[in-house]
Amino acid sequence: MDDKQVMPETAAAQALGWIDGATQAIAPPIPMSSTFLRDAGNAPGRSYARDQNPAYEQLEALLCVLEKGREAAVFASGMAAATAAFMALKPGNHVIAPKVMYWALRNWLATTATLWGLQVEFVDISSVDEIKRALRPGKTRLIWVETPANPLWTISDIAAIAEIAHAGGAMTAVDSTVATPVLTRPLALGADLVMHSATKYLNGHSDLVAGALVAKEDSDYWQRVKAVRANVGGILGSFEAWLMLRGMRTLFLRVQAACRSAEVLAQFLSEHALVDAVLYPGLPTFPGHAVAANQMQGGFGGMLSIRVKGGERAAIATAARVNVWKRATSLGGVESLIEHRASVEGPESVAPLDLLRLSVGIENVDDLIDDLDEALIAARNA
Ligand SMILES: *Cc1c(COP(=O)(O)O)cnc(C)c1O
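Being a predicted model, the structure only gives us computed values, none of them experimental.

About the criteria used
- Residues numbered from 1 in each chain as written.
- Predicted model: local features only at pLDDT ≥ 70, side-chain atom pairs only at ≥ 80, totals over all residues.
- Heavy atoms only, no water.
- Helix = DSSP H or I, 4+ residues; strand = E, 2+ residues; numbered from the N terminus.
- Buried < 20%, exposed > 50% of the residue type's maximum accessible area, 1.4 Å probe, protein only.
- Contact = heavy atoms within 4.5 Å.
- Core = buried A, V, L, I, M, F, W, Y, C linked by side-chain atoms within 4.5 Å.
- Domains from an automatic or database assignment.
- Near = heavy atom within 4 Å.
- Polar contact = N/O pair within 3.5 Å; in protein donor to acceptor, adjacent residues only side chain to side chain.
- Areas by Shrake-Rupley, 256 points an atom, 1.4 Å probe, with all protein chains shown as cover.
- Nonpolar A, V, L, I, M, F, W, Y, C, P; charged D, E, K, R; others polar.
- Right-handed = clockwise from strand over helix to strand, strands pointing away.

1. Considering the side chain of Thr 318
Tracing the chain through its elements places Thr 318 in helix 12 (residues 311–320). Under the relative-accessibility criterion, Thr 318 is labelled buried at 0%. Apart from residues no more than four positions distant in its own chain, Thr 318 is found in contact with Val 308, Leu 356, Leu 372, Ala 375, Leu 376 and Ala 379.

Right, here's the structure in full:
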């Protein structure tokens, strides 16, 4: 099959249609070998599975097709992927990162990355003016974007940021975990690098931790990223790579179902007497809605947050009373999750105390609505 000639849904469903040459298997075998027989003439070939695991080939090829990238690399986690993108920079490089972003990565940037000599500046990445003010031509190497961004679902304009970055000699990297390649193609909008926590939508079944980077071009920088993976060793196991490829076959169906239900829930909750605010890019009243409508195709994602009337106590009491929703961290799985984000992130969190983060799965939306409605009412009456 020519990868370029089918639509992305088809490429994902068939995992590019690759057939195993040895067995004609449609579901690929799982190569478990750590080492590989060398050619008698000692010609360069596959040698060792830390940097040349054949289990990655089909997966990375599919990621390239879905993200329209040239090169891809899978990692042992989203954090391993994201930190590799920063570790491939050089001491003294200036990077611009969002004030609102995935919590663990922001912590790492504020602590470890600065110890290693990166100059990290946190700005409101949804404001083009703030980025322009922060950019130091010749010194800024990377602008990190997350859109929609955890846990407020702040939207940033990837095309506008990439233009500013390129004019100033910097790269743009986008954590596209929440948008997924179903809804947004950052590389086509001008970004240089896309990152995914594959733990979330790409795998989609809450049974795997994995990450990925996709690059628009091969480059010295990309080779350093690959070297970080090989040398630091944050590599995905063969079975996990196989699971991730299997999960991606249903990516489009899962994301489309989550988007549909999230929109219905956002509508229902924005009219709910016990909810103060609904944060969802699909709502016309949401600050980033116009940019999201332009940048995201086919939906606004499966993530939303609500601010519960009655503050922290009411929010925690609501999360305590759900049954269908599962009280757990993470997102992007087939089952819906609810979380009081400020408790997880601690005192420096940007999450208001009354905020509950909702990851919408693929269940019947009426079950999700009824369960949350009952929990909100029971919490108010408690
Ligand atoms: C979960 C997540 C990460 C980190 O990925 P892990 O797979 O948990 O290491 C990074 N960014 C976003 C947006 C996430 O949701």
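The discussion continues.
2. Re the side chain of His 94
When you line up the elements, His 94 lands in strand 2 (residues 94–98). Here His 94 falls in the buried class, since its relative accessible area comes to 0%. In contact with His 94, other than residues within four places in its own chain, are Gln 119, Glu 121, Ala 134, Arg 136, Lys 139, Thr 140, Arg 141 and Leu 142.

3. Details of the environment of Ala 27
Along the chain, Ala 27 turns up in the loop between helix 1 (8–13) and helix 2 (57–67). As for Ala 27 and Thr 250, which are separated by 223 residues in sequence, their C-alpha atoms are 14 Å apart.

4. Focus: the nonpolar core
The tendency in soluble globular proteins is for nonpolar side chains to be buried side by side. Ranked by size, the top nonpolar core spans 92 residues in total, and within it Met 244 and Leu 269 carry the most contacts. For this core, the element with the most residues is helix 10 (residues 251–270), which contributes eight residues. Both domain 1 (8–248) and domain 2 (251–381) contribute no fewer than three residues apiece to this core. Contacts of Met 244, omitting those with residues within four sequence positions, involve Leu 59, Leu 63, Val 74, Ala 198, Leu 202, Asn 203, Leu 208, Ala 210 and Leu 236. Grouped together as the second largest cluster of nonpolar side chains are 31 residues, Trp 108, Met 171, Ala 215 and Trp 222 included.

5. With respect to the site of the ligand
Close to the ligand lie 14 residues; Met 79, Asp 175, Ser 197, Thr 199 and Lys 200 are nearest. In the model, an oxygen atom of the ligand is placed 2.6 Å from a nitrogen or oxygen of the Thr 199 side chain. Summarising the interface, the protein chains cover 93% of the accessible area of the ligand, which totals 380 Å² for the free molecule. Split by residue class, the shell around the ligand holds five nonpolar, six polar and three charged.

6. A short note on the pairing of strand 5 (residues 171–175)
For strand 5, the tally of buried residues reaches five of five residues, placing the bulk of the element in the interior. Burial along strand 5 is two-sided: Met 171, Ala 173 and Asp 175 and Thr 172 and Val 174, pointing in opposite directions, are all buried. For the crossover from strand 4 (residues 140–146) across helix 6 (residues 158–167) to strand 5, the handedness is right-handed.

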